[in-house]
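These are the residues of each chain, in order.
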Amino acid sequence: MGKKIEELNVEVDELALSLVGWQVENVRARLVTDSFDDTHFQEIVVSGTARFLREDWSDRFSRDEDDSYPPTLLLGLSPVDRPELAVYTYALLETIRKAGKRPVRFSRSSSSWECSKPVKPEKIKLQVTSFDVSETDLDLAWPSAKTRPLPVELIDETAHEGVRLKLTACDATIVGKKRDASLQMRLGGFFEFGSAKELLADLFAVDSWRGDAPEDEHEVKAECPFEVPLPGLAVEVLDESDFLLDKREVSLYGRIPVGEGAALPTRQPRWIAQFPFDLDELSGEPTRVVVRVLDAEDL
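Parameters at a glance
- Residues numbered from 1 in each chain as written.
- Predicted model: local features only at pLDDT ≥ 70, side-chain atom pairs only at ≥ 80, totals over all residues.
- Heavy atoms only, no water.
- Helix = DSSP H or I, 4+ residues; strand = E, 2+ residues; numbered from the N terminus.
- Buried < 20%, exposed > 50% of the residue type's maximum accessible area, 1.4 Å probe, protein only.
- Contact = heavy atoms within 4.5 Å.
- Salt bridge = Lys/Arg side-chain N within 4 Å of Asp/Glu carboxyl O.
- Pairing = 2+ DSSP bridges.
- Axes fitted to C-alpha atoms, helices over the stretch in contact; angles between N-to-C directions.
- Core = buried A, V, L, I, M, F, W, Y, C linked by side-chain atoms within 4.5 Å.
- Phe/Tyr/Trp six-rings, centres within 6.5 Å; stacked < 30°, edge-to-face > 60°.
- Lys, Arg positive; Asp, Glu negative; His and termini not counted.
- Polar contact = N/O pair within 3.5 Å; in protein donor to acceptor, adjacent residues only side chain to side chain.
- Patch = residues over 30% accessible without salt bridge, like charges linked within 9 Å, V, L, I, M, F, W, Y side chains within 5 Å.
- Areas by Shrake-Rupley, 256 points an atom, 1.4 Å probe, with all protein chains shown as cover.
- Charge placed at Lys NZ, Arg CZ, Asp CG, Glu CD.

What follows is about the overall build of the chain. Helices and strands together make up the secondary structure of the chain, namely four helices and 20 strands. Here the C-alpha coordinates of the chain stretch approximately 75 × 55 × 25 Å along the principal axes. Out of the 299 residues in the chain, the part that is buried amounts to 47%. The long-range fraction of contacts in the chain, counting pairs at least 24 apart against all pairs at least 6 apart in sequence, stands at 75%.

Structure (structure tokens):
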């Protein structure tokens, strides 16, 4: 019996952080193991310092009109050999005013998990990163040894062409046993966008009162600046009979800004969305998931 504390390696995704204005220093993590005979309880504790450099946040896809909050600083946790089980959760949610004024200390602890054989530090991947837009409801938790993937069908129902949601990760996994089990969705990718003319056409298509979208380059520039909201998602959980057990709509609350003179962002925005469905609250057993990509006005 006793407590064992081991250092964990932390990966700092410096490129992703720098793109959204974050500077992270002195990040450390510990794996704490409490042992009682053949039963072990483990948790991860992370500590670090972050500062927000507003001048480095050049491409802004947030929909926060007064820019009071920067993109969220996130922690990513997964087994080294199971990256598809990566969980991202908030490390720090702070205003630009405070995080930009001075370095801010942060500390996060994972939920504790029970095991018969302790997880070794080298089996754990821990990362500090950020995305242009993110929506995550998952806790910082080590995945259960019992997992089962579900098939996912992707259906694009968008009508606009100016902004396209692209998926690089789309996983649905049942994690845990019986009453403690949950269906965890892990979605992520980036957004492609077209020319200022194509983006303006999307805006005019939504606001029918505007009439026909300008075709001439000078007319397009005369409409600047403007912004076009990002598409979102609807996630449907179905049973074997195609009965809809639950549904969640995901609006990422972002936009593609078009500046004066039809100036476009210099890069594509990255996004992530993660959230659970509690199996104990469903009226049947989920067997598949349908992910629908929807225009912003349909959410």
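So, about the pattern of salt bridges. Considering all chains together, one arrives at 16 salt bridges under this definition. Of the charged contacts, one joins Asp132 and Arg267 as a salt bridge, the two residues approaching to 2.7 Å between their closest N and O atoms. With a gap of 135 residues between them, Asp132 in the loop between strand E9 (124-130) and strand E10 (133-136) and Arg267 in the loop between strand E18 (255-258) and strand E19 (270-278) connect regions that are remote in the sequence. By the burial criterion, Asp132 is buried, and Arg267 matches it. Among the ionic pairs, Asp156 bridges to Arg164, the shortest N-O distance being 2.9 Å. Put simply, Glu7, Arg28 and Arg30 are held in one network by salt bridges that share partners.

Let us look at the sheet that holds strand E14 (residues 182-193). Read across the sheet, five strands follow the order E10-E19-E14-E13-E11 without closing on themselves; strand pairing throughout is mixed. Looking along the sheet, the strands with just one partner apiece sit at the ends: E10 and strand E11 (147-150). Averaged over neighbouring strand pairs, the angle between their axes works out to 20° when direction is ignored. When strand E13 (residues 163-175) meets E14, the two strands line up antiparallel, connected through twelve bridges. Opposite Leu165, over in E14, you have Phe191 as the bridge partner.

With 40 residues, the main nonpolar core has Leu183, Met185, Leu187 and Trp271 as its most contacted residues. Take this core: its biggest share by element is five residues, from helix H3 (residues 196-206). Among the nonpolar cores identified, the runner-up in size contains 31 residues, and Leu8, Val46, Val119 and Trp142 belong to it.

Okay, the packing of aromatic side chains next. For the structure on display, the rule yields seven aromatic pairs. Between Phe52 and Trp57, the ring centres sit 5.7 Å apart and the planes meet at 80°, which makes this aromatic pair edge-to-face. We classify Trp57 as buried; its relative accessible area is 3%. Each residue in the set Trp22, Phe52 and Trp57 is aromatic and connected to the rest through ring pairs, giving one cluster.

What follows covers the side chain of Asp295. The topology assignment puts Asp295 in the segment after strand E20 (288-294). Buried within the structure, Asp295 lacks any salt-bridge partner; its nearest side chain of opposite charge belongs to Arg164, at an N-O separation of 6.0 Å.

As summarised here, the arrangement of the four strands in space is E2-E9-E5-E6, forming an open sheet in which the pairing is mixed. Only two strands of the sheet have a single partner each, and these edge strands are strand E2 (11-12) and strand E6 (87-92). Both strand E5 (residues 73-79) and E9 contribute to a ladder of seven bridges, which runs antiparallel. From the neighbouring strand, Leu77 faces E9, where its bridge partner is Leu126.

The subject of this paragraph is the side chain of Arg267. For Arg267, a relative accessible area of 15% corresponds to the buried category. A distance of 2.7 Å separates the side chain of Arg267 from the side chain of Asp132, its partner in a polar contact. Sequence-distant contacts of Arg267, defined by excluding residues within four places in its chain, comprise Leu19, Val20, Asp59, Phe61, Asp132 and Phe193.

Quick look at H3 now. Of the residues making up H3, those classed as buried are Ala196, Leu199, Leu200, Asp202, Leu203 and Phe204. Tucked inside the fold, the buried residues of H3 contact E13, E14, helix H4 (217-222), strand E15 (226-229) and E18.

Attention shifts here to a negative patch on the surface. On the surface, Asp180, Asp246, Asp278 and Glu281 cluster together into a negatively charged patch. Considering the arrangement of structural elements, one finds Asp180 in the loop between E13 and E14.

For the bond from Cys224 to Pro225, the omega torsion is 0°, close enough to zero to count as cis. Tracing the backbone shows Pro225 in the loop between H4 and E15. Unusually for a residue other than glycine, Asp242 sits at a positive phi of about 75°. Inspection of the secondary structure puts Asp242 in the loop between strand E16 (232-238) and strand E17 (244-250). With a relative accessible area of 47%, Asp242 lands in the partly exposed category.

Without other data, these values stay purely geometric and don't point to any function.
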